[in-house]
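For reference, the chains in residue letters:
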Amino acid sequence: SGHGSRCRWSLPMAMSIVHRGTGIGLSLGVSLFSLATLLLPEHFPDYLAQVRALSLGPALIFSAKFALAFPLSYHTWNGIRHLV
């Protein structure tokens, strides 16, 4: 009780925090990607070819795809859940 009281974590609280974090991350990612496409001298396929030339392993490629897909999927489905 009082100023130093503790709040117990709950699933809705954690989901709300993750939803806000993914929203911030997605907006930053889209903003940086958009800025890069405007300012970088080459076209996107040229940079994609450079990444492919690195011959990254399947585990790293899967991890990168997951790091891109999870925030978008989570934020979208959690937003729909909230609206329903």
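What you are looking at is a predicted structure, and each value in this text was computed from that prediction instead of being measured. (Residues numbered from 1 in each chain as written. Predicted model: local features only at pLDDT ≥ 70, side-chain atom pairs only at ≥ 80, totals over all residues. Heavy atoms only, no water.)

Visitor: Any details on the overall build of the protein chain? Residues and values, ideally.
Guide: Of the regular secondary structure elements, the protein chain holds three helices and zero strands. Each helix and strand of the protein chain, placed in order from N terminus to C terminus, yields the pattern α-α-α. At 19 Å, the protein chain has a C-alpha radius of gyration far larger than the 12 Å of a compact globule built from 84 residues. In terms of overall dimensions, the protein chain has a C-alpha envelope of 60 × 30 × 30 Å along the principal axes. Evaluated residue by residue, the protein chain yields a buried proportion of 6% over its 84 residues. (Helix = DSSP H or I, 4+ residues; strand = E, 2+ residues; numbered from the N terminus. Rg over C-alpha atoms; globule rule 2.2 N^0.38 Å. Buried < 20%, exposed > 50% of the residue type's maximum accessible area, 1.4 Å probe, protein only.)

Visitor: A description of the packing of aromatic side chains should follow, citing residues and the corresponding values.
Guide: What the rule picks out here adds up to four aromatic pairs. Centroid distance Phe-62 to Phe-66: 6.5 Å. Interplanar angle 20°. Geometry classified as stacked. Pair noted here: Phe-62 and Phe-66 are both in helix H3 (residues 58–83), with a separation of four residues, about one helical turn. Note on Phe-66 and Phe-70: the rings are 5.6 Å apart at their centroids and 20° apart in plane angle, and the pair reads as stacked. A residue pair is termed a helical-turn pair when its members lie 3 or 4 positions apart in one helix, as Phe-66 and Phe-70 do in helix H3 at four residues. Its relative accessible area of 48% is what places Phe-66 among the partly exposed residues. A residue is classified by how much of its surface remains accessible, and Phe-70, at 39% relative accessible area, is partly exposed. Members of the aromatic cluster, connected to one another through ring pairs, are Phe-62, Phe-66, Phe-70 and Tyr-74. (Phe/Tyr/Trp six-rings, centres within 6.5 Å; stacked < 30°, edge-to-face > 60°.)

Visitor: Give a description of the UniProt feature "transmembrane region" (unreviewed entry) in the protein chain that names residues and reports values.
Guide: When the UniProt feature table is mapped onto this chain, "transmembrane region" (unreviewed entry) is found at residues 21–41 and 53–74. A distance of 31 Å separates the end C-alpha atoms of residues 53–74, which is 82% helix and 0% strand. (UniProt positions renumbered as here; feature names shortened; annotations may be inferred.)

Visitor: Report on the side chain of Thr-22, specifying residues and quantitative values.
Guide: With respect to the helices, strands and loops of the structure, Thr-22 is situated in helix H1 (residues 11–39). The residues touching Thr-22, leaving out its near neighbours within four places in the chain, are Pro-71, Tyr-74 and His-75. (Contact = heavy atoms within 4.5 Å.)

Visitor: I'd like a rundown of the environment of Trp-9, residues and numbers included.
Guide: Relative to the helices and strands, Trp-9 is located in the segment before H1. Of the residues examined, Trp-9 reaches a relative accessible area of 63% and is grouped as exposed. Setting aside anything within four residues of it in sequence, one finds Trp-9 in contact with Ala-14 and Ile-17.

Visitor: Lay out the UniProt feature "binding site: heme" (unreviewed entry) in the protein chain with the relevant residues and their values.
Guide: When the UniProt feature table is mapped onto this chain, "binding site: heme" (unreviewed entry) is found at His-75. Excluding residues that lie within four positions of it along the chain, His-75 makes contacts with His-19, Thr-22, Gly-23 and Leu-26.

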